[in-house]
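# Coordinate analysis (summary)
Spelled out from the first residue to the last, the chains are:
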Amino acid sequence: MRRFLKSLILFCFIPHCLFSYLESWRVQFELNKYDTLYISPETTSTTPAITYTKIILLGKVVTMDELKNGAIEVIDDGFVAVEGEKIEYVGRISELGKLQIDSTRTIIIPTNGIIFPGLINAHDHIHYNFLPLWDIPKKYTNRYQWGDDKSQVIDIKYWQKIMCGKKYFGLETELVKYAEVKQLISGTTSVQGSPSGSKRFCRMLVRNMDVSPNFGEDKMSAYVRPIKDVESSKVKKWIGKMDSGELKALFLHIAEGTDKKARDEFKYLVDKGLGRKEVIIIHGVGLEEPEIKYMADNNMTLVWSPTSNLLLYGKTANIPLFIRYGVNIALGTDWSPSGGKNLLCEMKIAYNYAKEKWGEIISFEDIAKMVTVNPARACGWEQYVGKIKKGMYADILVIRDIDQDPFEALLKATERDVVLVLVGGDPLYGLCDIMRILKPGDFEHIYTSCGFDMCIDITKENVELGWQRLKEIVDTLSFALSADTSYMKRKFSDEKLLSYKSFGEYIQNEFPGLHQCMLDPLFPSMDRFFFWSLIKASSPDWNFDLQYIYYNW
């Protein structure tokens, strides 16, 4: 009844003609036009009195490390000491005396929160994450069908080409930075799926897992095209690198769909000698018991992206079978045109869908593992991140403590509950009071229309366009997406322009149906269109109102 009333309110509030499936982009503008984001530089902070070398975070520490009895270690009255890029010490506050603390070079932050390892997004295509959720016209049976859908071409393919292409706007740097900010504000500190060209500028916010060196090594790779089309020479090279330890993780899209064509991809994989622990299966929707058992026997990993799977195919991976056979499972958001907006969002959809579809097969703790220790284990990062442990890198998320089970608190946390995010010991995002202490004068304020504001630092020296602030990036992307023809005419350098009498004729022929697009909002709480789309796409298996349960402010 509550869900019906909410839908009724939406229909009364928005003119009915806007709900034409052919003009969903108009619905997006109508639903989100009042949710404005204000960004401004910090102007009140002064130069700090000390140059600190150590940060001590006080709070409830969830180490994600297993105790002898199999339980995850939780230190209720604990602290984490960070020095440089790494965690120096983890313990109870009563153990602080064991540290040599120079009060003139140490900053102690009483977070009043829960300290987790930074979240790891095991799969995304982040150079598409400036785009809003696509109004998917129907369900498909494999990933090769929707690529040529007319609305997908107009709403996704055209805009990605125009925004990234050097002969068009050439804004790949800005797009990837914006996408990384969307990850960062949800406590995500590592993400797989950055474009290969981003290696030159991506080492400044979250860790880009498969395109840039991390922890002094570069041992991951990804392949998006069909597995059956991979040349034997490439497969041989992959296997050689796996055998030598040069390649720890290879991400492949396998069985993304429900039909035989999708399922048969796993056979191609095995026949090519790639059914091994280094190979990480993205999606696996069409896999059945024989394939799942094979994955378990060979210590393989599944990346589960339930939102995208359900919206595109009406079905997701058979998680009960994966769990029964003990397959390692990690979560990934896939991309914003059909996936969850960030990991905090994807975690909620995964948990609620599993509960409605399969009952109590997934616990709050299971979900926490899927975004921390599980992906770290899958890609060979166990000794670096995924836990709060001495000697590991200080990729840290602090969330508000709501006096609940800490794993339930993580599942229920929204972007409003994020207290602080560190990547390699560097405070990049958090509450303004904390950022003023840790990064005085070196951040921007983000004011939302949802009644909360946060602060972020996205600038970095010696990185391409590292001086750009978030406000400039948002303004640049938003204006480009407005499809202003005079601006497009000034920026485009496509040789095909010479073949047309006018710029309008060029657009009409090269990008037929192109229309303006709204930049996908940073925060789910500001994206009414996203929640409306989920309600519209719901089914008997997906019958929960995400906005009402978690984001209703």
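Please refer to the structure placed before this passage.
Given the structure is predicted, the values throughout are model-derived calculations rather than measurements.

Now for the sheet that holds strand S12 (residues 301-304). If you walk across this open sheet you meet the five strands as S9-S10-S11-S12-S13, and the pairing is parallel. Both outer strands of the open sheet, strand S9 (220-223) and strand S13 (328-331), are each paired with one neighbouring strand and no more. Put simply, the sheet's adjacent strands are angled 25° from each other on average, direction ignored. As paired elements, strand S11 (residues 279-283) and S12 share three bridges and run parallel to each other.

A positive phi angle, near 55°, is found at asparagine 112, a position not held by glycine. Within the secondary structure, asparagine 112 sits in strand S5 (residues 106-117). Looking at asparagine 112, the relative accessible area reads 67%, which means it is exposed. Despite not being glycine, alanine 483 has its phi angle at roughly 60°, a positive value.

What follows concerns the pattern of salt bridges. Oppositely charged side chains can form a pair if their charged atoms are brought close together. For the structure on display, the rule yields 32 salt bridges. For the salt bridge of glutamate 66 with lysine 369, the shortest nitrogen-to-oxygen distance reads 3.9 Å. Placement of the pair is glutamate 66 in strand S2 (residues 54-66) and lysine 369 in helix H11 (residues 364-370), with a sequence separation of 303 residues. As a salt-bridge pair, glutamate 291 and arginine 263 come within 2.7 Å of each other at their nearest N and O atoms. You can see glutamate 291 sitting in helix H7 (residues 289-297) and its partner arginine 263 sitting in helix H6 (residues 260-271), a full 28 residues away along the chain. Judged by relative accessible area, glutamate 291 falls into the buried class, the value being 11%. Among the charged side chains, a salt-bridge network with shared partners connects Lys182, Lys341, Asp520 and Asp527.

Attention shifts here to helix H3 (residues 150-164). Relative to the 21 Å expected for 15 residues at 1.5 Å per residue, H3 spans 20 Å between its end C-alpha atoms, a close match to the ideal helical length. Considering bend angle alone, the principal kink of H3 is centred on lysine 157 and spans about 30°. With 11 of its 15 residues buried, H3 lies for the most part within the structure. Restricting attention to buried positions, one finds in H3 the residues Gln152, Val153, Ile154, Asp155, Ile156, Tyr158, Trp159, Gln160, Ile162, Met163 and Cys164. Along its buried surface, H3 packs onto helix H4 (172-184), helix H15 (470-481) and helix H17 (503-510).

Below, the discussion takes up the state of the cysteines. Taken as a whole, this structure holds one disulfide when the rule is applied. Put simply, cysteine 432 and cysteine 455 are joined by a disulfide, and their sulfur atoms are 2.3 Å apart. Sign of the S-S torsion, about 95° for the bond between cysteine 432 and cysteine 455, identifies this disulfide as right-handed. Linking cysteine 432 in helix H14 (residues 432-438) with cysteine 455 in strand S18 (residues 453-456), this pair joins segments that are 23 residues apart in sequence. Given a relative accessible area of 8%, cysteine 432 falls into the buried group. We note that cysteine 345 lacks a disulfide partner, and the nearest cysteine sulfur, in cysteine 450, lies 14 Å from it. Since its relative accessible area comes to 0%, cysteine 345 is described here as buried.

This next bit is on the packing of H6 against H7. Remark: H6 packs on H7, axes separated minimally by 10 Å, with the N-to-C direction vectors making an angle of 40°. Relative to H7, H6 is oriented oblique. Once H6 is placed against H7, the crossing between them reads as left-handed. Mapping the contact onto sequence places Arg263, Phe266 and Val270 in H6 and Pro290, Glu291, Tyr294 and Met295 in H7.

Before going further, it helps to examine the side chain of histidine 125. Position of histidine 125 relative to the elements: it lies in the loop between strand S6 (119-121) and H3. Exposure remark for histidine 125: the relative accessible area of 13% places this residue in the buried category. At 3.2 Å, the side chain of histidine 125 and the side chain of histidine 123 are in polar contact. Not counting residues up to four positions away in its chain, the partners in contact with histidine 125 are Gly193, Val224, His253, Asp334 and Trp335.

Time to look at the environment of valine 327. Along the chain, the position of valine 327 falls in the loop between helix H9 (319-324) and S13. The buried category is assigned to valine 327, whose relative accessible area is 7%. Sequence-wise, valine 327 and aspartate 297 are 30 residues apart; in three dimensions their C-alpha atoms are separated by 8.6 Å. Each residue touching valine 327, except ones within four places of it in the same chain, is listed here: Ile292, Met295, Ala296, Met300, Leu302 and Phe322.

The rules we used
Residues numbered from 1 in each chain as written. Predicted model: local features only at pLDDT ≥ 70, side-chain atom pairs only at ≥ 80, totals over all residues. Heavy atoms only, no water. Pairing = 2+ DSSP bridges. Helix = DSSP H or I, 4+ residues; strand = E, 2+ residues; numbered from the N terminus. Axes fitted to C-alpha atoms, helices over the stretch in contact; angles between N-to-C directions. Buried < 20%, exposed > 50% of the residue type's maximum accessible area, 1.4 Å probe, protein only. Salt bridge = Lys/Arg side-chain N within 4 Å of Asp/Glu carboxyl O. Expected span 1.5 Å × (residues − 1). Bend = angle between axes of the 7 residues up to and from the residue. Contact = heavy atoms within 4.5 Å. Disulfide = S-S within 2.5 Å. Parallel < 35°, antiparallel > 145°, perpendicular 65-115°, else oblique. Left-handed = near helix turned anticlockwise from the far one by under 90°. Polar contact = N/O pair within 3.5 Å; in protein donor to acceptor, adjacent residues only side chain to side chain.

The values are spatial; any link to function lies outside them.
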